[in-house]
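Structural overview for review
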Amino acid sequence: MGLFNRNTDAEKRNAFNRDIIESKAEKISYWIPSFDTPENFAVYGGDKDIRNMIVMGTIARCYGRMGVVVIHNNGTLVGEIKKFRGYFPEIFNGCARNGVRVMNCNVDNTNLLYEPLYGMGVDRAVEAIYPQMPAENPSYMQQHMCAEILRKYMMILKANGEAVDLDGLLYLCNMDIQTLEKTAMQKLPQDEVRNILASFLQNNNLYLQVRADVNAFAGHLESRIWRRKKNLDEASDVSMTEAVKHRAILTVRVPSNVGVLNYLATEIRSMIDDGLEFLLVLDSVMVANSTMNKEILRQYSLPISTVITCDSIAGIFDDENDKLNSLGKMENTIIMNTPNLNVAEVYSRALGQYMRQFTTTHTGSHREAFRIMGGYDTSRDMHEELFYRVTPQEFSQLGDGAVLISRSNGGTTVKTKHVKLDYLR
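As a starting point, this report considers the structure included with it. Only a predicted model underlies this, so the values are computations on that prediction, with no experimental measurement involved. Chains are numbered independently. Their residues run from 1 in the order of the written sequence. Local features in this predicted model are restricted to residues whose pLDDT is 70 or higher, and side-chain atom pairs enter the listing and the counts only when it is 80 or higher, whereas totals over whole chains, interfaces and linings include all residues. Only hydrogens and water are removed before side-chain values are computed, so all heavy atoms of the structure are retained for them.

**Some details on the packing of aromatic side chains**
In this scheme Phe, Tyr and Trp rings, the latter by its six-membered ring, pair at centre separations within 6.5 Å, and the angle between planes marks the pair as stacked below 30 degrees, edge-to-face above 60, and tilted otherwise. Counted by the stated rule, this structure contains eleven aromatic pairs. On the basis of an interplanar angle of 35 degrees and a centroid distance of 4.7 Å, the ring pair of Y153 and F200 is categorised as tilted. Here Y153, found in helix α7 (residues 140-159), pairs with F200, found in helix α10 (residues 190-205); they are 47 residues apart in sequence, far enough to count as distant. Judged by its relative accessible area of 0%, Y153 is buried. Exposed residues in this analysis have more than 50% of their type's maximum accessible area, buried residues have under 20%, and partly exposed residues fall in between, with area computed by a 1.4 Å probe over protein chains only. On the accessibility criterion, F200 (0% relative accessible area) is buried. Ring pairs connect the aromatic residues Y63, F84, F88 and Y423, which therefore count as one cluster. Strands are runs of DSSP state E lasting at least 2 residues, helices are runs of H or I lasting at least 4, and numbering of each runs from the N terminus.

**A word on the layout of surface pockets**
Using only the protein atoms, space was sampled on a 1 Å grid; points where a 1.4 Å probe fits but cannot get out form cavities, open sets with protein on both sides within 12 Å along at least five of seven lines form pockets, and lining residues are those with an atom within 4 Å of a point. Grid points are joined across faces, edges and corners, and a volume is the space filled by probe spheres set on the points. In this structure, the largest pocket encloses a volume near 330 Å³. Forming the walls of the largest pocket are 16 residues, and the residues nearest its centre are E127, A128, P131, N262 and T266. Here the element with the most residues in the lining of the largest pocket is helix α13 (residues 258-273); it accounts for five residues.

**Digging into the nonpolar core**
Formed by 92 residues in total, the largest nonpolar core has its most connected members in Y44, I71, Y153, L264 and I268. When sequence neighbours within four positions are dropped, the list of residues in contact with L264 reads I71, Y114, I225, M240, V252, V254 and M292. Working definition of a nonpolar core: buried Ala, Val, Leu, Ile, Met, Phe, Trp, Tyr and Cys residues. They are joined through side-chain atoms within 4.5 Å. Contact between two residues is taken to exist if any of their heavy atoms lie within 4.5 Å; hydrogens are not considered.

**Considerations on the packing of α7 against α10**
Between α7 and α10, the least distance of the axes is 10 Å, while the angle of their chain directions is 145 degrees. For the pair α7 and α10, the sense of crossing is left-handed. Every residue of α10 that contacts α7 at M145, I149, K152, Y153, M155 and I156 is listed here: E192, N195, I196, S199, F200 and N203. Its residues placed into classes, the contact of α7 with α10 shows seven nonpolar, three polar and two charged. Axes here mean lines fitted to C-alpha atoms, for a helix over just the part in contact, with angles spanning 0 to 180 degrees between N-to-C directions. Each crossing is labelled by how the near helix is turned from the far one, with a counterclockwise turn of less than a right angle marking it left-handed and a clockwise turn marking it right-handed. When residues are grouped by polarity, Ala, Val, Leu, Ile, Met, Phe, Trp, Tyr, Cys and Pro land in nonpolar, Asp, Glu, Lys and Arg in charged, and all others, Gly among them, in polar.

**Concerning the sheet that holds strand β8 (residues 305-310)**
Taken in spatial order, the ten strands of this open sheet run β1-β13-β12-β9-β3-β8-β7-β4-β6-β5, and their pairing is mixed. Each edge of the open sheet is held by one strand with a lone partner, namely β1 (21-23) and β5 (104-107). Averaged over all neighbouring strand pairs, the angle between strand axes comes to 15 degrees, with direction disregarded. Any two strands with at least two DSSP-identified bridges between them are counted as paired. Pairing geometry for β5 and strand β6 (residues 249-253), over four bridges, is parallel. Its bridge partner being in β6, C105 is matched across the sheet by L250.

**With respect to empty space enclosed by the protein**
For the structure on display, the rule yields two cavities of 30 Å³ or more. Of the voids in this model, the largest cavity is the one considered here, and its volume is about 40 Å³. In terms of lining residues, the largest cavity is bounded by L327, T333, I335, Y347, A350, L351, I405 and R407. Looking at the lining of the largest cavity, the elements with two or more residues in it are β9 (332-336) and α16 (341-351). Considering each element in turn, the lining of the largest cavity owes the most residues, three residues, to α16. Each residue belonging to the lining of the largest cavity can be placed in one class, and the counts come to six nonpolar, one polar and one charged. By volume, the second largest cavity amounts to about 40 Å³. In terms of lining, the second largest cavity is formed by N293, L297, R298, F317, D322, N325, S326 and K329. Among the elements of the structure, α14 (291-297) and α15 (320-329) are those that each provide at least two residues to the lining of the second largest cavity.

Quick look at the structure:
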C-alpha cells in the first residue's frame, strides 16, 4: 500500500455501502415519470422557478392524455401553465392536429368560478356535507337522518332536470316548506311528496338543521373558490370532476383552509370511485389535519398519479411520520438545495444510513532503559458507525445541484452538481 493510498480499500468499501452515484449534471426529463400507470413524484427545495419548470415537465407528460388538477398556493406556477404552448410547442401542436383541445381554467379568490358538488355522485355529494362517522358516535343517528333529508333535496333537483350542485341545494334548502311543495315538487308523484314532507317535518322540523348545515358548508367555500349565485342560471360547470372528464387543466388556489381542502378531498375520492384517470399536483399547500392527508395521501398505495412540490416538505406536512411516509411512497424524488438543516435531516432520514468505516492513527513516543534516544510507536484502529448516506449538511450545500432518488428498478440515488431542464428550448 503506497504512502498516499492508505485508506483506498476503506474508501471503496464506504462508497459501495453508501451507494450514491456522483455526477456533474443530470437531465431532469430522465427523472420525470411517464404516468402511464399511477406514479408518485416529489420536488422539494431549490429555486422556485426551477421547481415550477419541473412541474411543467410533469404536466407535459399528461397533457391531452388525462385531466390535470393543480391544488396550490403558488401563483407563479399558474402563470407558467398559461404559457404551456410556448414551452412545449410540439406537444401542443400534436394535440391540436389530433383534434384535442386542452382547456385551462384557474380558480382563486378573485376568480370564483368553482361549482361545488357538480359532477359528483349523490353518495359523495352527501358525504361532502355530512362526512361518515362511526355508529357509536352520539351524533350518528341525527347526522344519518339529516343526510337522508339532503338526499331528498337532491332527488327534487333531479326531478326538475337540474344537476346536483351547491347553488341548487342552497336554492331549495332556503325555501320554506309551502313554497318548496308548490314550486319545486310538482314533478314528483304525490305519495313521494307526502313521504318527503313527513321526513322534513319530523324531529322538530329536521329540515331546518339541514338548511343550517348546507349554509355552513357553503360558508367555508364562499369567497375562497365559490361565490353565491343570484339565480340558478348563473351556476357554472367548473369542477375538478368535469375538468378531468374533459382532460382539461384546472388550478385551484387554496392558501390555507382545511374546510376547502376537506371538500376537494371528497371530490377527489369521488373521481377515484368513478375510476377516472388524472394527475393531482399539490404545490405549497399545508395538508396537515385535512382529509386530503388523512384519507388520500396516507393511503398505502395511491390509485392516482400525484406530484407534491414545495420549497420544503415542512410546507406540506407537519407530522414527521407523514413526511417520511410520503417520501417513501414516491417513485421518484428530486431534492434541491435545502438551507434549513432541520428539514434537510428529514431527507437524510428518508434516504437511510450505511455502515461507514473509519481509521484512526495513533503515534506516541517512548524511551527504552539505558538508551539516550527514544523511539516512536504507531498504531491504527479501525471502527465502524452508522452514517447518513447524504448528510443534512450536504443537502444544505447543493447549490445548483440536487439529490435525485428513484425507488423503482432496485433503487438509484444520484447526487449531481447541476440539474438540466433539457426539455426546454
